[in-house]
Structure formats: structure tokens, C-alpha cells
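Notes for the structure review
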Amino acid sequence: MTQAERLARREQLRVDIGKVELELEQMRAEESRLLEGCEHLYADGRGAATGGRVKICSICGRLLKARDEKLWG
Ligand SMILES: [Zn+2]
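Residues numbered from 1 in each chain as written. Predicted model: local features only at pLDDT ≥ 70, side-chain atom pairs only at ≥ 80, totals over all residues.

1. Here's the deal with the overall build of the protein
- Tallying secondary structure elements over the protein gives one helix and three strands in all.
- Of all 73 residues assigned to the protein, the portion counted as buried reaches 1%. (Helix = DSSP H or I, 4+ residues; strand = E, 2+ residues; numbered from the N terminus. Buried ≥ 20, exposed ≤ 12 C-beta atoms within 10 Å, placed from the backbone.)

Below you can see the structure in the form of C-alpha cells.
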């Protein structure tokens, strides 16, 4: 392998690494989104989350972020 070939190969690897890193980042973002919520409902159809600013599902105990929380008024 010549030096030029090594450099070309390195460039190719860098491109591939960049792609995989982006994919990894997207998968991690999806993973954390999956863990953010739950869809438990009481028998009457109300969401099972209880609490104020920080909600906790009373069925699975998961900590839920308020989705529609408004920062300003
Ligand atoms: Zn739940």
C-alpha cells in the first residue's frame, strides 16, 4: 500500500466513521425518547401520571417529563 493509498483509505474511513457516529447519535436520541414517556392509563382513560411539575406514573413508577410544559405563562 502506498502512502497515497493510505491517505485515501484514511479519508474514506473518516467519512464512514462520521456516518456511523451520526447514526449512533440518532439511535441514542431515540433510545432516550423511548424512556421518557409511558402510555399507562387508568381504567377511565385518564393518564396515570401524578404529581406537579415532575410527574410520576402511578403504574410503572416512571419519571415523566411534562410534555406540554410552558416556560412562559
Ligand atoms: Zn407508566
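2. Focus on the sheet that holds strand β2 (residues 55-57)
- Pairing in this open sheet of three strands is antiparallel, and the strands run β1-β2-β3 from one edge to the other. Both outer strands of the open sheet, β1 (49-50) and β3 (63-64), are each paired with one neighbouring strand and no more.
- Note: β2 against β3, two bridges, orientation antiparallel. What sits directly across from Ile56, in β3, is Leu63. (Pairing = 2+ DSSP bridges.)

3. Some points on the confidence of the model for the protein
- Of the residues in the protein, 84% reach a pLDDT of 70 or more, and the chain-wide mean stands at 84.
- At the low end of the mean pLDDT range in the protein sits β3, at 78; at the high end sits helix α1 (residues 3-36), at 91. (pLDDT = per-residue confidence, 0-100.)

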